[in-house]
Amino acid sequence: MYKICHMSSQHPDSEPRILLKECVSLSKVGYDVSYVVRKNNDEIFQGIKIVAVKNRKERYKRMLLSTFDTYKQALRLQADVYHIHDPELLPYAYMLKLKNKVVIYDVHEDVPRQILGKEWIPKQFRKIIAYIVEKIEDYVAARVDGIVTVTTHIANRFSKVNKNTVILYNYPIIDDSKILPVANSKKKHQILYISSQLAKERAIFEIVDAMNYIDCKLVLAGRLDDEIKKKLVTNPGWKKTEYLGYITPQKAIEVISESKIGLFIFNPSLNAINGISTKLFEYMLGGLPVVISEIPSSKEVIEKFKCGILIKTLVPKEIATIISELLNNPQLMEEMGHNGQKAVLNYYSWASEEKKLIEFYKKLL
């Protein structure tokens with residue numbers, strides 16, 4: 001039995017793409033799977049060994065210390081394949097290759113383009129840091145055994161340095177618990193915004209400000225930096241906002257079932273323009289009409305399946321008008337909800353990506 005080790009120093013232990021999709025899919029077909037991640041204690045999840053690394057919350061400690069701890073714990077497992085999920089682990093991916101291990105780099109984001117919008121990096125340093133990171137990524141990517149990406153744009157970049165590149169779209173896992181009734185008596189007069197990181201580039205300030213002009217509640221779920229939260233609580237729109245923090249996939253199903261509209265609005269960035277959020281498909285599967293920023297990938301889905309509204313503006317009052325008009329048209333919301341759910345069930349399931357993942361591993365091994 002081949003031993004597989006997934007590694008992350010950045011993502012949470014319950015990160016759906018890593019644990020619930022890739023690790024579970026590999027374990028189901030007989031691989032011995034471990035996941036080394038920041039966590040308080042070791043545990044077993046559906047046969048997967050979750051190996052704990054000290055959970056350092058400070059960014060610089062995580063990048064300097066947790067990365068090394070992750071590498072040490074992973075090395076002890078003596079796995080056949082090491083599957084890394086963070087660019088900050090790339091030096092250790094290279095070291096694992098020097099030990100003749102099979103190494104996969106899983107690219108979740110277009111990191112160099114993402115760096116250009118990072119508020120915590122001084123603006124004058126962003127371009128040079130992005131350039132250095134891109135060169136390091138390309139150097140290591142050319143030397144590992146395979147690259148996994150989430151979008152065609154990212155795949156096009158990495159396939160130039162490593163021909164063994166595969167796209168695994170981050171489609172949702174479909175099970176009965178996620179296929180929610182579109183016309184649901186549990187629904188409250190609320191709209192929902194779930195994001196892994198509720199940041200400035202995710203238009204969090206504009207969305208909360210828009211609540212000053214909407215007669216409903218906003219539910220926010222995801223990580224929110226303390227500094228951003230301090231600013232948000234001073235906005236009168238925060239009084240209509242319920243902040244849940246980071247939530248589990250099970251909790252996400254619950255709040256989707258209670259909400260009327262799913263939001264995914266963001267400031268333009270090269271990373272966003274070239275990607276598509278899995279939250280779009282989760283909203284659709286849950287029967288929610290979607291209000292989402294217009295980029296090529298979201299436009300294709302929304303226009304093809306008539307399951308939501310594309311939004312170009314970041315003006316809070318204009319955002320509020322679009323949402324209010326949809327809230328006042330329950331028949332249209334229900335129609336969009338049915339269209340989106342049907343589209344996911346027929347076209348956007350993790351089952352298709354699971355097959356690609358397993359074939360990719362068979363090829364490497």
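Report on the accompanying structure. Computed from a prediction, not measured in an experiment: that's the story for all the values here. (Residues numbered from 1 in each chain as written. Predicted model: local features only at pLDDT ≥ 70, side-chain atom pairs only at ≥ 80, totals over all residues. Heavy atoms only, no water.)

1. Here we look at the sheet that holds strand β10 (residues 217-223)
Next up, step 1: As summarised here, the arrangement of the six strands in space is β11-β10-β9-β12-β13-β14, forming an open sheet in which the pairing is parallel. Pairing within the sheet leaves two strands with one partner each, and these edge strands are β11 (241-243) and β14 (308-311). Adjacent strand axes in the sheet meet at a mean angle of 20° when their direction is disregarded.
Next up, step 2: Pairing between strand β12 (residues 261-264) and strand β13 (residues 290-293): three bridges, direction parallel. Note that in β13 the partner of L263 across the bridge is V291.
Next up, step 3: Each of β13 and β14 touches helix α12 (residues 296-305); the most contacted strand, β14, lies at about 145° to it. (Pairing = 2+ DSSP bridges. Helix = DSSP H or I, 4+ residues; strand = E, 2+ residues; numbered from the N terminus. Axes fitted to C-alpha atoms, helices over the stretch in contact; angles between N-to-C directions. Contact = heavy atoms within 4.5 Å.)

2. Describing helix α13 (residues 316-327)
Because an α-helix packs 3.6 residues into every turn, residues spaced three or four apart end up facing the same way.
Next up, step 1: Compared with an ideal rise of 1.5 Å per residue, which puts twelve residues at 16 Å, α13 spans 16 Å between its outermost C-alpha atoms and is within 8% of the ideal.
Next up, step 2: Here the buried face of α13 lies against β9 (190-197), α7 (204-210), β12, β13, β14 and α14 (330-347). (Expected span 1.5 Å × (residues − 1).)

3. Side note on the packing of helix α1 (residues 16-28) against helix α15 (residues 350-364)
Next up, step 1: Relative orientation of the contacting elements α1 and α15 amounts to 65°, with a least axis distance of 10 Å. Here α1 and α15 pass one another in a crossing that is right-handed. Of the residues in α15, those touching α1 at K21, E22, S25, L26 and K28 are W350, E354, L357, I358 and Y361. (Left-handed = near helix turned anticlockwise from the far one by under 90°.)

4. A few points about helix α3 (residues 90-98)
Next up, step 1: All of the buried residues along α3 are L90, Y92, A93 and L96. Angularly, the buried residues of α3 cover 155° about the axis, an arc narrow enough to put them on a single face.
Next up, step 2: Packed against the buried residues of α3 are β1 (3-7), α2 (59-76), β5 (81-84), β6 (102-107) and α5 (123-141).
Next up, step 3: With its phi angle positive at about 65°, N100 sits one or two positions after the end of α3. (Buried < 20%, exposed > 50% of the residue type's maximum accessible area, 1.4 Å probe, protein only. Arc of directions from axis to C-beta.)

5. Observations regarding the nonpolar core
Next up, step 1: In this structure, I191, Y193, I194, L218, I261, L263 and M284 are the most contacted members of the largest nonpolar core, which totals 59 residues.
Next up, step 2: Counting 25 residues, the second largest nonpolar core, distinct from the first, contains V51, Y105, I147 and I154. (Core = buried A, V, L, I, M, F, W, Y, C linked by side-chain atoms within 4.5 Å.)

Without other data, these values stay purely geometric and don't point to any function.
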